[in-house]
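Reading the structure
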Amino acid sequence: MADSGYFDLRSAVLLLLLAALAVIPLFGDIFYTRLFTRIMIYAMAALSLDLILGFGGMVSLGHAAFLGVGAYTVGILSLWGVQSAFLSWPLAMLFSMLIALVIGAISLRVSGVSFIMITLAFAQMLYYCFISLKGYGGSDGMTLAGRSSLAGLLDISRHGTFYYLVLCILLLILFAANRLVHSRFGMAIQGIRDNERRMLSLGFPTFRYKLVCFVFAAGIAGLAGALMANQSLYVGPALMHWKQSAEILVMVILGGMRSLAGPILGALGLLLAEEILSNYTEHWMIILGPFLIIVVLCGRKGIYGMLKGANDHD
Amino acid sequence: MDPMLLLVQGLNGMQLGVMLFLMAAGLTLVFGVMNLLNLAHGSMYMMGAYLAASLQQHTGSFLLALLLALPATFLIGMIIEAVAMRRLYDRDHLDQVLVTFALILFFNELVRIIWGPQAHFMALPDGLTGYVTLFPGVIYPAYRLIIIGAGLLVALLLYLLIMKTRLGMLIRAGASHREMVGALGVNIKLLYTVLFGIGSALAGLAGMMAGPILSIESGMGDSVLILALVVIVIGGLGSIRGALLASIMVGVADTFGRILLPPALASMVIYFLMAAILYRRPQGLFSANG
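Given the structure is predicted, the values throughout are model-derived calculations rather than measurements.

**So, the confidence of the model for chain B**
- Of the residues in chain B, 99% reach a pLDDT of 70 or more, and the chain-wide mean stands at 88.
- Scored by ipTM, the complex comes to 0.86, with pTM at 0.89.

This is the structure we're talking about:
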């Protein structure tokens, strides 16, 4: 592409998106502030799944389990009277990572379609487990009394403040993920995706690399779950239902996997489409379903992949 | 435990097991031959139940409803294959997951539009509403015994179809060498369409038989689908023999888990079973094409 070097559509779209995200609460409409808070939290979840899926080549269909564990950590701690975000949010990440360590250590023994089904099965196992925990709301879930407290530094019970906190965390995650992907570890994990046997012969402990990637992504998902509990003030098993996992997967594919901006665009695209379609008909899924089929069958680069970047040489 | 209770619960486990087998057989057959992961399999189960319930209301006969709904699910399966699945054989499993997930969304919403959001119930077929006395003092619902019998019969027919008929021979040949079978003049496209239809009809049959003992509602196929996936992973992907053994194992383990363990643990039993088996044998109990 000779002429695309002058005008980089990808960077332009990204900058425009970030600028738009920065000003949305200034319009003062609570509805949009809350909607975009939710979108940014889903964007984090999708971004973390892309680390496993796009960069690690592991098709996990149980990613919502980590969201759920993060959300339930905040919910259960809040029930016990622990409101401090400095305690509950890191614990949410920690528990998600611990569970990911166990699930990953078993699931990564297999690959391909078995891996898809096993991650799915483990997520469903957690789903049914939390449904039967009657003390924590069972299938109804539980309502939180209020958002976590940040020791007087910030009052996130105000929607605008919470919005900017989520935006900052999203940018931090984006920055960290960018560093990770371009680090030696990130290169190795992409090498394993492309040819695991060769990486193994080169002396990389591929199982350990994949497991670390899986656990790291689960940590981000756990944080997203903690934020989600704060956003909706509700924690329920539906958060970890396998359809939730599939929906996050759809976000990654819709936006474009193997990029960091793609999942964010995908979360934005899918949730906005849901929002807009549901204004016209309550049966919006009958439109969304076939639409997704067409997107997958016709092209799989996603929204981000369709934008031409400065570094494209196709 | 009381041996009579053991027997009754064992039969309950068997009944769940054969239902799971009907689901898992279609799933594993389609996966083994076409290398296709079909999450929309649960939707065929749901369609089977809805169609049978609605036909039973119109015709007044369970058997007639069954005889009409079975070819209907076969047809729906063939249409899905011709419209969407056909384009997915060369794609990776990720694309298959996405497209079949989108189909689930579509079908769940479709039944909500046609039959409404409320749950439907199906009457037990005439003559099967009673109980059978197994031993003096031990009774068991006749309909559940019929399910077990019908499930085992279908397993036998499926075995005969695949091992003893010309269609079965082509299916087995297509599983190992798709191009070669095509080069020998067999219409492999049509074969795949028919096979997908058979798989859908099996799932539909499971839904029809489950109709009278479950509530029929949108999304009812989703939880069964997960169980069926667990079954085919334990049994070994693509193996029908493995699916039969694994579905009975899962059915019995789940039933006994529910009566012996606290609920939080009971719901996790079959997943522990799966994890344990995969830890020892990552390829499942039987490897493919068994």
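**Looking at the interface of chain B and chain A**
- Contacts between the two partners involve 34 residues from chain B and, on the opposite side, 36 residues from chain A.
- Contributing elements (two or more residues each) for the side of chain B that touches chain A: α4 (93–115), α9 (220–235), α11 (263–266) and α12 (269–280) of chain B.
- When residues of the side of chain B that touches chain A are assigned to their parent elements, the largest contribution, 16 residues, is made by α4 of chain B.
- The residue makeup of the side of chain B that touches chain A, split by class, is 27 nonpolar, three polar and four charged.

**So, unusual backbone geometry**
- With a phi close to 55°, Leu233 of chain A is a non-glycine residue in the positive phi region.
- Mapped onto the elements of the fold, Leu233 of chain A is located in the loop between α9 (206–232) and β2 (234–235).
- Its 15 C-beta neighbours within 10 Å are what place Leu233 of chain A among the partly exposed residues.
- One non-glycine residue, Asn35 of chain B, adopts positive backbone phi at about 55°.
- With respect to the helices and strands, Asn35 of chain B occurs in the loop between α1 (3–34) and α2 (41–59).

**Brief notes about the nonpolar core**
- Membership of the largest hydrophobic core comes to 197 residues, with the highest contact counts inside it found for Ala121 of chain A together with Met23, Leu98, Ala228, Val230 and Val231 of chain B.
- In terms of residue count, the dominant contributor to this core is α1 of chain B (16 residues).
- Residues within four places of Ala121 of chain A in sequence aside, it is in contact with Ile226, Leu229, Val230, Tyr271 and Met274 of chain B.

**Description of the environment of Val252 of chain B**
All names here are of chain B.
- Along the polypeptide, Val252 turns up in helix α10 (residues 240–260).
- Here the alpha-carbon distance between Val252 and Leu16, two residues 236 residues apart in the chain, equals 7.7 Å.
- Beyond its immediate stretch of four places on either side in the chain, Val252 contacts Gly10, Gly13 and Gly17.

**A look at α1 of chain B**
Residue and element names in this part refer to chain B.
- Spanning 32 residues, α1 covers 45 Å between terminal C-alpha atoms, matching the ideal 46 Å at 1.5 Å per step.
- Approximately 25° is the largest bend angle found in α1, and it occurs at Ala24.
- Most of α1 is tucked away, with 23 of its 32 residues classed as buried.
- Downstream of α1 by a residue or two, Asn35 has a phi angle that is positive, lying close to 55°.

**Overview of the confidence of the model for chain A**
Residues and elements named next belong to chain A.
- In this model, chain A carries an average pLDDT of 88, and 95% of its residues clear a pLDDT of 70 or more.
- Mean pLDDT in chain A bottoms out at helix α13 (residues 302–306), which sits at 77, and peaks at α9, which reaches 95.
- Predicted confidence for residues 1–6 stays below pLDDT 50, and this span has six contacts to residues more than four positions away or in other chains.

**Considering the environment of Pro237 of chain A**
- Residue position: Pro237 of chain A is located in the loop between β2 and α10 (242–255).
- Expressed as a C-alpha distance, the spacing of Pro237 of chain A and Gly54 of chain A, which sit 183 residues apart in the sequence, is 27 Å.

**Here we look at the domain arrangement of chain B**
Residue and element names in this part refer to chain B.
- Splitting chain B by domain gives domain 1 (25–125 + 162–218) and domain 2 (219–290).
- Using only C-alpha atoms to locate each centre, domain 1 and domain 2 end up separated by 21 Å.
- Taken together, the contact between domain 1 and domain 2 spans 20 residues of the former and 16 residues of the latter.
- Looking at the side of domain 1 that touches domain 2, the elements that each hand over two or more residues are α1, α2 and α4.
- The residue inventory of the side of domain 1 that touches domain 2, partitioned by class, reads twelve nonpolar, seven polar and one charged.

**Focus on the packing of α9 of chain B against α12 of chain B**
All names here are of chain B.
- Between α9 and α12, the least distance of the axes is 10 Å, while the angle of their chain directions is 25°. Taken together, α9 and α12 sit at an angle that is classed as roughly parallel. Between α9 and α12 lies a crossing of left-handed hand. Contacts from Val230, Val233 and Ile234 in α9 reach Ile270, Met274 and Ile277 in α12.
- Taken together, the residues of the contact of α9 with α12 break down into six nonpolar, no polar and no charged.

**A few points about the environment of Gly257 of chain B**
Residues and elements named next belong to chain B.
- Turning to its location among the elements, Gly257 is positioned in helix α10.
- Take Gly257: there are 20 C-beta atoms within 10 Å of it, and that puts it in the buried class.
- Put simply, Gly257 and Met268 are eleven residues apart on the chain and 8.7 Å apart in space, counted from C-alpha to C-alpha.
- Filtering out sequence-adjacent residues up to four positions away, Gly257 remains in contact with Ala266 and Val269.

About the criteria used
Residues numbered from 1 in each chain as written. Chains lettered and ligands numbered in written order. Predicted model: local features only at pLDDT ≥ 70, side-chain atom pairs only at ≥ 80, totals over all residues. pLDDT = per-residue confidence, 0-100. Contact = placed C-beta atoms within 7 Å. Helix = DSSP H or I, 4+ residues; strand = E, 2+ residues; numbered from the N terminus. Nonpolar A, V, L, I, M, F, W, Y, C, P; charged D, E, K, R; others polar. Buried ≥ 20, exposed ≤ 12 C-beta atoms within 10 Å, placed from the backbone. Core = buried A, V, L, I, M, F, W, Y, C linked by C-beta atoms within 7 Å. Expected span 1.5 Å × (residues − 1). Bend = angle between axes of the 7 residues up to and from the residue. Domains from an automatic or database assignment. Axes fitted to C-alpha atoms, helices over the stretch in contact; angles between N-to-C directions. Parallel < 35°, antiparallel > 145°, perpendicular 65-115°, else oblique. Left-handed = near helix turned anticlockwise from the far one by under 90°.

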